[in-house]
Amino acid sequence: ILGKPPDMYDMKTLLTLTVFLFSITLWAQNEGDYHLDKEFDMSPTGTIELTSSDAKVTITGASRKNVHLKVDRTVVTKGLFFGSDDFAIEIDNSNGNLKIREKSGSSSHGIVGYYNEDYEIKIEAPEGASILVKGDDGDYLIKNINGSIVMGVDNGDIDLLDCKGSKFRFRLDDGNLTMDQGRGAIEIAIDDGDVRIRNGNFSHVIADIDDGDFMIETSLSNTGEYNINAEDGSVSMVVTKGGGQFDVRHDDARVIAEGAFDVYEKSETFTSLKLANGTAKVNIRADDARIRLSKPN
């Protein structure tokens, strides 16, 4: 080695390093794949607790006595990449419930020209199951689940179809929520996103929206309470049945009432309206938002 010119030595060292990095790249690509397709026992009214990050999740209720879980994750990289991508699914189905927890950790260094992750979780569960989700990112589609649904998602969209439970709770930092029906009690907290709820029959609504549009279509319970807080955006409430008192506190907002609403008090910062055929209490607070109340004929 001492007798070789410095440039030849440097070229050999660079070639050796390149081959080493390339071999680790292939190893890392294979390590990113994960596939699971299995059934697990669970009570017909048990709870599915899911903790995941950056996955496309579909949960479907059906006439079944167990849970079918299918997980597919594929990672493809191109370029210089070396490090580790540890991924596993931890499952506990004790006490009639099912806990699905993602265990992952990665450490990587290098120059990556391309990175793509396809990550999908599909769950088929009993219709009477309840859902508890803790997610960093990802999109969620939940269909025909009739137990309680509690979800905390940092960044992603949530769509609920044909879910007939009576307890709903959602927290989203950045994302949208849509529901095609609902009843009972619902609590919503969203920093930046829109809410669309149709065909509701809620007796208890708490909604806190920092920046986004909130639209709810629901009947009103005579003993119900409805509290909506919107910082910036719009609030739209369509009353399909029932009535009550609507107190709207606003800083820089416009209040529009369509239908048989009677205005009892109005100032620059407060508007009070009443709708016959009910004694529900509706409180709306809007800093800089458009407010529309309507009662179809």
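Residues numbered from 1 in each chain as written. Predicted model: local features only at pLDDT ≥ 70, side-chain atom pairs only at ≥ 80, totals over all residues. Heavy atoms only, no water.

Along the backbone of the protein there are one helix and 20 strands. Counting over 297 residues, the protein shows a buried share of 41%. Surface exposure of the protein reaches about 15400 Å², of which carbon and sulfur atoms provide 49%. (Helix = DSSP H or I, 4+ residues; strand = E, 2+ residues; numbered from the N terminus. Buried < 20%, exposed > 50% of the residue type's maximum accessible area, 1.4 Å probe, protein only. Areas by Shrake-Rupley, 256 points an atom, 1.4 Å probe, with all protein chains shown as cover.)

A word on the side chain of Glu49. Within the secondary structure layout, Glu49 lies in strand β2 (residues 47-52). Not counting residues up to four positions away in its chain, the partners in contact with Glu49 are Leu98, Lys99, Ile100, Arg101, Leu132 and Lys134. (Contact = heavy atoms within 4.5 Å.)

Within the largest apolar cluster, 68 residues are counted, with the highest numbers of intra-cluster contacts made by Ile123, Ile149, Phe170, Ile188 and Phe246. Sorting elements by how many residues they give to this core places strand β14 (residues 195-218) first, with eight residues. Among residues more than four places away in sequence, those in contact with Phe170 are Ile149, Met151, Ile158, Leu160, Leu177, Met179, Ile186, Glu187, Ile188 and Ala189. (Core = buried A, V, L, I, M, F, W, Y, C linked by side-chain atoms within 4.5 Å.)

The next thing to look at is the pattern of salt bridges. Here the structure, examined in full by the defined rule, presents 14 salt bridges. The salt bridge partner of Lys134 is Glu49, with a shortest N-O separation of 3.9 Å. Separated by 85 residues along the polypeptide, Lys134 in strand β8 (residues 130-143) and Glu49 in strand β2 bring together distant segments of the chain. With its nearest N and O atoms 2.5 Å apart, the salt bridge here joins Asp72 to Lys70. The class for Lys70 is partly exposed, based on a relative accessible area of 30%. (Salt bridge = Lys/Arg side-chain N within 4 Å of Asp/Glu carboxyl O.)

Turning next to the packing of aromatic side chains. Applying the stated criterion across every chain, the model contains five aromatic pairs. With 5.4 Å between their ring centres and 90° between their planes, Phe87 and Tyr119 make a pair best called edge-to-face. Residue Phe87 is found in strand β5 (residues 82-92), and its partner Tyr119 is found in strand β7 (residues 112-126); the two are separated by 32 residues along the sequence. Of the two residues examined, Phe87 and Tyr119, each falls in the buried class. Taken together, a centroid distance of 6.5 Å and an interplanar angle of 15° make the contact between Phe168 and Phe170 stacked. Grouping residues by exposure puts Phe168 and Phe170 together as buried. (Phe/Tyr/Trp six-rings, centres within 6.5 Å; stacked < 30°, edge-to-face > 60°.)

Quick look at unusual backbone geometry now. The phi angle at Asn95 is positive, at roughly 60°, despite the residue not being glycine. By the secondary structure assignment, Asn95 is in the loop between β5 and β6 (98-109). Judged by its relative accessible area of 76%, Asn95 falls in the exposed class.

Right, let's get into the side chain of His68. Along the chain, His68 falls in strand β4 (residues 66-79). A distance of 2.6 Å separates a polar atom in the side chain of His68 from a polar atom in the side chain of Asp37. Each residue touching His68, except ones within four places of it in the same chain, is listed here: Asp37, Lys38, Glu39, Lys122, Ile123 and Glu124. (Polar contact = N/O pair within 3.5 Å; in protein donor to acceptor, adjacent residues only side chain to side chain.)

Attention now moves to the pairing of strand β16 (residues 244-250). Along any regular strand, the residues point their side chains to alternate faces of the sheet. Of all seven residues that make up β16, five are buried, and the element is covered over most of its length. As judged from the seven bridges shared by β16 and strand β20 (residues 280-294), these two strands associate in the parallel manner. In the strand pairing of β20, Asp247 is matched with Asn283. (Pairing = 2+ DSSP bridges.)

Both β2 and β8 contribute to a ladder of six bridges, which runs parallel. Residue pairing across strands places Thr47 opposite Ser130, the latter belonging to β8. In terms of strand pairing, strand β3 (residues 55-62) meets β8 through six bridges, oriented parallel. Bridge pairing in β8 places Ile59 opposite Ile142. Sheet analysis places β8 next to strand β9 (residues 149-155), joined by six bridges and oriented parallel. When the sheet's bridge partners are listed, Asp137 is paired in β9 with Asn155. Pairing between β8 and strand β10 (residues 158-161): four bridges, direction parallel. Bridge pairing in β10 links Ile142 to Leu160.

For the rest of this paragraph, the subject is the environment of Arg285. Within the fold, Arg285 resides in strand β20. In the structure, Arg285 is positioned 37 residues away from Val248 in sequence and 5.9 Å away in space, judged by C-alpha atoms.

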